[in-house]
Amino acid sequence: MSNLMSGAKMLLECLAQEGVDCFFGYPGGVTLPFYDALYDHHIRHVLVRHEENAAFAAEGYARATGKVGVCCATSGPGATNLVTGLVDAMMDSIPIVALTGQVTSKLIGSDAFQEADTFGITRSCTKHNYMVKKVDELPQILHEAFYIASSGRPGPVLVDIPKDVFQGQGHYQPVTSIHLPGYKVFTEGHIGQIRRAAQLIWESERPFVYAGGGIIAGDACAELREFVELIDAPAVNTLMGLGALPSHHPNFISMPGMHGSYAANMGMTHADLLIALGVRFDDRVTGRLAAFAPHARVIHVDIDPAEIGKNRAADVPIVGDVKRVLSKLNHLLSETRPHALVRKSWWEQIRGWQQQHPLIPVFSDTEIKPQHLMAEIDRLSGGQAIVTADVGQHQMWAAQLVRFNEPRLWINSGGLGAMGFGLPSAIGAQFARPDKLVFAIVGDGGFQMSIPELATIASYGLPIKIVVMNNGYLGMVRQWQELFYNNRLSAVALDCFPDAEKLAGAYGFKGRTVEKPQELSPALEEAVREAGPYLLNVKVSPCESVYPMVPAGGAINEMVLGPPQPVGVN
Ligand SMILES: Cc1ncc(C[n+]2csc(CCOP(=O)(O)OP(=O)(O)O)c2C)c(N)n1
């Protein structure tokens, strides 16, 4: 059965077929026919205040659920404003579909008003992109876009739609199957390689599990847990993988890398076998690559063949869906498990490193330490809240100190490190999970990049708890200037910040500033009790730095564990 309708209606029909319940966007001239069709449709459109934030909100939705997030922008400036979000989704493998309007087909190439080469511009920052030429192509392209975004290694797909395609009439044919001859996803993993992996695991005395965002994207958390328990190995979750193994799990060590824990980085350095699962050997994890895990053989499981051997050669490369590979591996391991598996001395060493330099919060009687703030958020979350972060020091302290007992609770811009991400991604997450307590932890810099979204939060009454870790600086840049540029602080002081109570009040919700340590718990509790949104501006010690820290270019066992000691005066 087919149905004659406009391209705009057809697009909405396709979104409904894909199970889209809400999407994030901003209208304009060429998308007018689409917004007109939307007027009568049940799908919820969330009007953000800047297109970049539509992409970030779509990511927040996708990261909180695993479903495809959708954003929409008009041609020209609307479409170019999406680009940062597309790059972000590409770097972190997040499934989003971006819909952009384009000028009428016959004007393309004429420098028409609000024309931009969206297809060309977004080619390198999407997993795939399309330009729709005829209205009848729309359903096929749309369903392909959702399939590509969510299958294999997830990522952003953009569909550029000229105005005449929105306006044209066509027959809507539901698309029931998708065949893309050039697009193959290898899911199973080679059984011979999986056997070799099992053998290496039993031969290893010091195995170490390095698990990343791929575990969450691949819905493989239960398999990961079974795996680490079977082989009794210590495990880290990368910045993208936090929550893959519950933070309270006895085998969980912490995050590794530039601001990872001493035990995580020492464990990787001394391991004789690194089991890398859904990770990409990111430079922020490996530090100086030549010195990374120097004694380890490597098993690397990833769904994207391009990741295998990209940064570190694998002794046992396995291309496949990490969920399926791990379940086969777990099966093999439980059949071949040696009678008494003893990793006693390895665990003693790991526990020793943990005790030597634990990741613990720092407190003061006179000022709020950033770590104190994270410890309080951790207490109120109890490992259950969704926590989004912006980019900078607060992101690293949150990753170190806030615990996550489930996947999809920790939402941050890992690969791109895009400031301005924290607040709009919280909007997407709160729409996706209205039942959840959502904290948006942002720096005073990043917050000021996303202030317009306070209007979105207010107009939809989203009960997001916005916590500004206000150190008066672009903190992470200040830290690098202090440590590596002789403390010559250049263009990092943020000496003007709005009054939080007045700012939130101007949008019709509550806000407050705290600066005394004793005020912090009651203020956070009040924010959580409040039924609506809340803006809490927390003035923290201005010059605290994040430790441990691996200086750029250093090996990960060459951590700086704390601030330089002042030179003594006799
Ligand atoms: C869009 C963007 N511009 C610049 C940077 C570079 N950068 C990384 S961290 C940082 C400082 C962030 O300051 P703030 O938001 O106050 O957070 P803090 O580090 O103090 O926690 C900057 C400027 C970035 N990551 N993203």
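On a predicted model such as this, the values are computed, not experimentally measured, just so you know.

*Asks:* Teacher, can you tell me more about the packing of helix α11 (residues 221-231) against helix α14 (residues 322-336) here?
*Replies:* Working note: a packed helix pair is described by the angle between its axes plus the distance between those axes. Close contact between α11 and α14 brings their axes to 9 Å; oriented N to C, the two are set at 30 degrees. Taken together, the axes of α11 and α14 are roughly parallel relative to one another. Relative to α14, the crossing made by α11 is left-handed. Along its contact with α11, which presents Glu223, Leu224, Glu226, Phe227, Leu230 and Ile231, the element α14 presents Lys323, Leu326, Ser327, Leu329, Asn330, Leu333 and Ser334. Here the residues of the contact of α11 with α14 sort into 7 nonpolar, 3 polar and 3 charged.

*Asks:* Mind showing me how you'd approach the layout of surface pockets here?
*Replies:* Rolled over the atoms, a probe as big as a water molecule pinpoints where empty space is left. A volume near 510 Å³ is recorded for the second largest pocket. Taken together, 26 residues form the lining of the second largest pocket, with Ile253, Ser254, Leu359, Gln400 and Arg403 sitting closest to its centre. The leading source of residues in the lining of the second largest pocket is helix α17 (residues 393-401), at 3 residues. The class makeup of the residues in the lining of the second largest pocket is 16 nonpolar, 8 polar and 2 charged.

*Asks:* Please clarify how the site of the ligand should be interpreted in this entry.
*Replies:* Taken together, 17 residues are adjacent to the ligand, and Gln393, His394, Gly417, Gly446 and Gly475 come closest. The backbone of Gly417 places a nitrogen or oxygen atom 2.8 Å from a nitrogen atom of the ligand. At a separation of 2.9 Å, an oxygen atom of the ligand approaches a polar backbone atom of Gly445. Surface burial for the ligand is 76%, taken as the share of its 590 Å² of free accessible area covered by protein chains.

*Asks:* Please explain the sheet that holds strand β2 (residues 22-25) as it appears in this structure.
*Replies:* Two pairing modes exist for strands in a sheet, parallel and antiparallel, and in both the strands are linked by backbone hydrogen bonds. An order of β3-β2-β4-β5-β7-β6 is seen for the 6 strands of this open sheet, with the pairing classed as parallel. In this open sheet, the two strands that pair with only one neighbour each are β3 (44-47) and β6 (128-131). If you compare each strand with its neighbour and ignore which way they point, the axes differ by 20 degrees on average. Sheet strands touched by helix α3 (residues 51-65): β2, β4 (69-73) and β5 (96-102). Its angle to β4, the strand with the most contacts, is close to 170 degrees. Against the sheet, helix α7 (residues 138-150) contacts β4, β5, β6 and β7 (156-162), and its axis sits at roughly 165 degrees relative to β7.

*Asks:* Explanation requested: the packing of aromatic side chains in the structure shown.
*Replies:* Think of a pair of aromatic rings as described by two things: how far the centres are apart, and how the planes are tilted against each other in angle. Scanning the model with the defined rule gives 16 aromatic pairs in all. Look at Phe23 and Phe34: their rings are 6.0 Å apart centre to centre, the planes differ by 45 degrees, and that puts the pair in the tilted class. One end of the pair, Phe23, is in strand β2; the other, Phe34, is in helix α2 (residues 32-38), and 11 residues separate them in sequence. Of the two residues, Phe23 and Phe34, both sit in the buried class.

*Asks:* Is there a simple way to think about the pairing of strand β18 (residues 510-514) in this case?
*Replies:* Regular strands have side chains that alternate between both faces of the sheet. Two elements, β18 and strand β19 (residues 534-539), share 5 bridges in a ladder whose sense is parallel. The residue of β19 that forms the bridge with Thr513 is Asn537. Between the parallel pair β18 and β19, the chain is carried across by helix α23 (residues 517-529), and the sense of this crossover is right-handed.

*Asks:* I would appreciate a short explanation of the sheet that holds β18 in the present structure.
*Replies:* Spatial ordering of the open sheet is given by β15-β14-β16-β17-β19-β18, a layout of 6 strands whose pairing is parallel. Of all strands in the sheet, those bounded by a partner on one side alone are β15 (410-411) and β18. Its contacts with the sheet place helix α16 (residues 370-381) against β16 (438-443), β17 (465-470) and β19, and it is angled at close to 165 degrees to β17. Relative to β18, α23 is tilted by about 170 degrees, and along the sheet it contacts β16, β17, β18 and β19.

*Asks:* Would you explain the side chain of Gln393 in this entry?
*Replies:* Position of Gln393 among the secondary structure elements: in helix α17. Gln393 gets classed as buried once you look at its relative accessible area, which sits at 2%. In this structure the side chain of Gln393 is engaged in a polar contact, spanning 3.0 Å, whose partner is the backbone oxygen of Glu544. What Gln393 contacts, discounting residues up to four positions off in sequence, is Met469, Asn471, Gly475, Met476, Arg478, Gln479, Glu544, Ser545 and Val546.

*Asks:* What am I meant to see in the nonpolar core here?
*Replies:* Soluble globular proteins tend to bury their nonpolar side chains together. Counting residues in hydrophobic clusters, the biggest one holds 118 residues, and the most contacted among them are Phe24, Val209 and Phe227. A per-element tally of this core places α3 first, with 8 residues. If we ignore the near neighbours within four places in the chain, the residues touching Val209 are Leu224, Phe227, Val228, Ile231, Ala233, Pro234, Ala235, Val236, Ile275 and Leu277. Leu15, Ile43, Val132 and Val135 belong to the second-largest nonpolar core, a separate cluster that totals 36 residues.

*Asks:* Is there a simple way to explain the pattern of salt bridges in this structure?
*Replies:* Side chains that differ in charge, positive against negative, can pair when their charged atoms come close. Using the criterion set out here, one finds 27 salt bridges in the structure. Across the pair Asp92 and Arg63 runs a salt bridge whose closest N-O atoms are separated by 2.9 Å. Residue Asp92 is located in helix α5 (residues 83-92), and its partner Arg63 is located in helix α3; the two are separated by 29 residues in the primary sequence. Residues Arg433 and Asp435 are paired through a salt bridge, measuring 3.0 Å at the closest nitrogen-oxygen approach. In this structure Arg433 comes out as partly exposed when scored by relative accessible area, which is 24%. Residues participating in the shared-partner salt-bridge network are Glu59, Arg63, Asp88 and Asp92.

*Asks:* How do you make sense of helix α15 (residues 344-356) when you look at a structure like this?
*Replies:* Think of an α-helix as turning once every 3.6 residues; residues three or four places apart then point the same way. Under the 1.5 Å per step criterion, the end-to-end length of α15 is 18 Å for 13 residues, consistent within 8% with the ideal 18 Å. The complete set of buried residues in α15 reads Trp346, Trp347, Ile350 and Trp353. Buried residues in α15, looked at end-on, bunch into an arc of 120 degrees, giving them a common side. In α15, the exposed positions angled more than 90 degrees off the buried face are occupied by Lys344, Ser345 and Gln355. Turning to α15, the residues buried within the fold contact β9 (207-211) and α12 (262-270).

*Asks:* Would you explain unusual backbone geometry in this entry?
*Replies:* The linkage connecting Tyr547 with the following residue, Pro548, adopts the cis geometry, with an omega of -5 degrees. Mapped onto the elements of the fold, Pro548 is located in the segment after β19. Look at Ala293: it is not a glycine, yet its phi comes out positive at around 40 degrees. Mapped onto the elements, Ala293 comes out in the loop between α13 (283-286) and β12 (297-302).

Rules used throughout
- Residues numbered from 1 in each chain as written.
- Predicted model: local features only at pLDDT ≥ 70, side-chain atom pairs only at ≥ 80, totals over all residues.
- Heavy atoms only, no water.
- Axes fitted to C-alpha atoms, helices over the stretch in contact; angles between N-to-C directions.
- Helix = DSSP H or I, 4+ residues; strand = E, 2+ residues; numbered from the N terminus.
- Parallel < 35°, antiparallel > 145°, perpendicular 65-115°, else oblique.
- Left-handed = near helix turned anticlockwise from the far one by under 90°.
- Contact = heavy atoms within 4.5 Å.
- Nonpolar A, V, L, I, M, F, W, Y, C, P; charged D, E, K, R; others polar.
- 1 Å grid on protein atoms, 1.4 Å probe; cavity = no way out; pocket = protein on both sides within 12 Å on 5 of 7 lines; lining within 4 Å.
- Points joined across faces, edges and corners; volume = space filled by probe spheres on them.
- Near = heavy atom within 4 Å.
- Polar contact = N/O pair within 3.5 Å; in protein donor to acceptor, adjacent residues only side chain to side chain.
- Areas by Shrake-Rupley, 256 points an atom, 1.4 Å probe, with all protein chains shown as cover.
- Pairing = 2+ DSSP bridges.
- Phe/Tyr/Trp six-rings, centres within 6.5 Å; stacked < 30°, edge-to-face > 60°.
- Buried < 20%, exposed > 50% of the residue type's maximum accessible area, 1.4 Å probe, protein only.
- Right-handed = clockwise from strand over helix to strand, strands pointing away.
- Core = buried A, V, L, I, M, F, W, Y, C linked by side-chain atoms within 4.5 Å.
- Salt bridge = Lys/Arg side-chain N within 4 Å of Asp/Glu carboxyl O.
- Expected span 1.5 Å × (residues − 1).
- Arc of directions from axis to C-beta.

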